[in-house]
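Residues per chain are reported as follows:
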Amino acid sequence: PVLKVGFTGALRSSVNGHAQVDAQASTIRELLSGLVQRYPDLAEHVEQGIAVALDGEIYRDDWSKSIPDGSTVFLLPRIQGG
């Protein structure tokens, strides 16, 4: 499915300043892999830790999670707890 993927301010610079891009993926892992191929600068953020919000629910480590058709997807830098 074609997805609209939104980015918060900190990640936008890694995707050429876009607030939103189209992507095709059926799982979070597939989504991140495809985005890193298109936007290599995003790899550093993914390695440091990234959170993926699907329809308002945040996933931090479950990259095998399926992305339902029509989902709202946002990538967020992982917030470090302390």
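Above: the structure in question.
Described in the following lines is the structure provided in the data block. Quantities reported herein were computed from a predicted structural model and do not represent experimental measurements. (Residues numbered from 1 in each chain as written. Predicted model: local features only at pLDDT ≥ 70, side-chain atom pairs only at ≥ 80, totals over all residues. Heavy atoms only, no water.)

### Quick notes on the sheet that holds strand 1 (residues 2-7)
With respect to topology, five strands assemble into an open sheet ordered 2-1-5-3-4, the strand pairing being mixed. A single partner strand is all that each edge strand has here, and the edge strands are strand 2 (20-24) and strand 4 (57-59). On average, adjacent strands in this sheet sit at an angle of 30 degrees to one another, irrespective of strand direction. Where strand 1 and strand 5 (residues 72-77) come together, four bridges link them in parallel fashion. When the bridges of strand 5 are listed, Lys4 appears paired with Thr72. Packing of helix 2 (residues 28-38) onto the sheet brings it into contact with strand 1, strand 2, strand 3 (50-54), strand 4 and strand 5, and relative to strand 2 it is tilted by some 120 degrees. (Pairing = 2+ DSSP bridges. Helix = DSSP H or I, 4+ residues; strand = E, 2+ residues; numbered from the N terminus. Axes fitted to C-alpha atoms, helices over the stretch in contact; angles between N-to-C directions. Contact = heavy atoms within 4.5 Å.)

### Concerning the pattern of salt bridges
Enumeration over the complete set of coordinates arrives at one salt bridge. Between Asp22 and Lys4 there is a salt bridge, and its shortest N-O distance comes to 2.9 Å. Here Asp22 is found in strand 2, whereas its partner Lys4 is found in strand 1, with 18 residues between them in sequence. Asp22 sits in the partly exposed class, given a relative accessible area of 37%. (Salt bridge = Lys/Arg side-chain N within 4 Å of Asp/Glu carboxyl O. Buried < 20%, exposed > 50% of the residue type's maximum accessible area, 1.4 Å probe, protein only.)

These results come straight from atomic positions and should not be treated as a statement about function.
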